[in-house]
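Architecture at a glance
One-letter residues, chain by chain:
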Amino acid sequence: RVLALPLVIVATALGQVVEARLANHARDRASGCVQFFARVSMFLALFSLLVAAVVLAVAPLVVPFILGSKWTDVATIMQLLLPMLITRLIASPMSKSLVVAQWAAVNLWLDVGRAILVCFTLAACRVLGASLNELVFWTAAAFAVVYVATWICALLAAKSIDAVAD
């Protein structure tokens with residue numbers, strides 16, 4: 001939660017901006033959604049890489065200092081969650097194009113896919129006797145896969161908004 005909260009605040013704020021901008025494009029039947037989508041995605045990717053670099057470098061030092069030496073493993077868990085957090089930070093704001101393009105069915109299938117993939121991942125980790133760190137990594141990887149799929153669908157939705165404009 002310590003790591004996710006600031007990222008959720010950034011993603012939520014940017015999501016509102018993205019949704020408003022894409023809605024204006026859709027309402028005015030103006031092109032440019034894909035270019036806007038690409039610019040914001042690139043910004044989010046660079047920001048995500050910066051966050052990841054900071055967490056990788058600083059978490060092992062800061063977590064024991066703040067929480068005490070018994071909590072050193074939390075730094076490792078924070079690092080293992082990075083694939084999920086990075087892809088979520090990029091995909092979450094950009095998924096607003098699904099709303100603007102009125103692709104509710106796609107959004108539903110992404111949610112269903114997420115539930116199935118995470119349940120499968122948890123079951124596989126249990127059957128294989130995964131350690132806590134392995135469980136965290138594979139669960140984060142499963143979420144990352146869904147967030148990448150969400151981003152791809154969001155890009156296609158942005159393209160569909162532009163297609164209406166043309």
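Quick caveat, the model's predicted, so the values are computed rather than measured. (Residues numbered from 1 in each chain as written. Predicted model: local features only at pLDDT ≥ 70, side-chain atom pairs only at ≥ 80, totals over all residues. Heavy atoms only, no water.)

**Looking at helix α4 (residues 82-94)**
In this model, α4 (13 residues) spans 19 Å end to end at C-alpha, consistent with the 18 Å of a helix rising 1.5 Å per residue. At R88, α4 shows its largest kink, close to 30°. Burial within α4 is extensive, with ten of its 13 residues counted as buried. Within α4, the full set of buried residues consists of L82, M84, L85, I86, T87, L89, I90, A91, P93 and M94. (Helix = DSSP H or I, 4+ residues; strand = E, 2+ residues; numbered from the N terminus. Expected span 1.5 Å × (residues − 1). Bend = angle between axes of the 7 residues up to and from the residue. Buried < 20%, exposed > 50% of the residue type's maximum accessible area, 1.4 Å probe, protein only.)

**Some points on unusual backbone geometry**
If you check the backbone angles, R29 has positive phi at about 50° while not being a glycine. Within the fold, R29 resides in the loop between α1 (4-28) and α2 (33-67). A relative accessible area of 53% places R29 in the exposed class. If you check the backbone angles, Q102 has positive phi at about 60° while not being a glycine. As for its position among the elements, Q102 is in the loop between α5 (96-100) and α6 (104-128).

**What about a nonpolar patch on the surface?**
Residues L50, V54, V58, L61, V62, F65, I66, L67 and W71 make up a contiguous nonpolar surface patch of about 940 Å² in total accessible area. Turning to its location among the elements, F65 is positioned in helix α2. (Patch = residues over 30% accessible without salt bridge, like charges linked within 9 Å, V, L, I, M, F, W, Y side chains within 5 Å. Areas by Shrake-Rupley, 256 points an atom, 1.4 Å probe, with all protein chains shown as cover. Salt bridge = Lys/Arg side-chain N within 4 Å of Asp/Glu carboxyl O.)

**Describing the pattern of salt bridges**
Applying the stated criterion to the full structure yields two salt bridges. For R27, the salt bridge goes to D28, with nearest N and O atoms at 3.1 Å. Assessed through its relative accessible area of 47%, D28 is described here as partly exposed. For R114, the salt bridge is made with D111, and the minimal N-O distance between the two is 2.3 Å. A residue pair is termed a helical-turn pair when its members lie 3 or 4 positions apart in one helix, as R114 and D111 do in helix α6 at three residues.

**A short note on the packing of aromatic side chains**
Within this structure, the stated rule accounts for four aromatic pairs. Judged by centre distance (4.9 Å) and plane angle (75°), the ring pair of F137 and W138 falls under edge-to-face. Looking at F137, the relative accessible area reads 33%, which means it is partly exposed. Look at F143 and Y147: their rings are 6.3 Å apart centre to centre, the planes differ by 25°, and that puts the pair in the stacked class. Highlighted residues: F143 and Y147, both in helix α7 (residues 132-165), separated by four residues, approximately one helical turn. (Phe/Tyr/Trp six-rings, centres within 6.5 Å; stacked < 30°, edge-to-face > 60°.)

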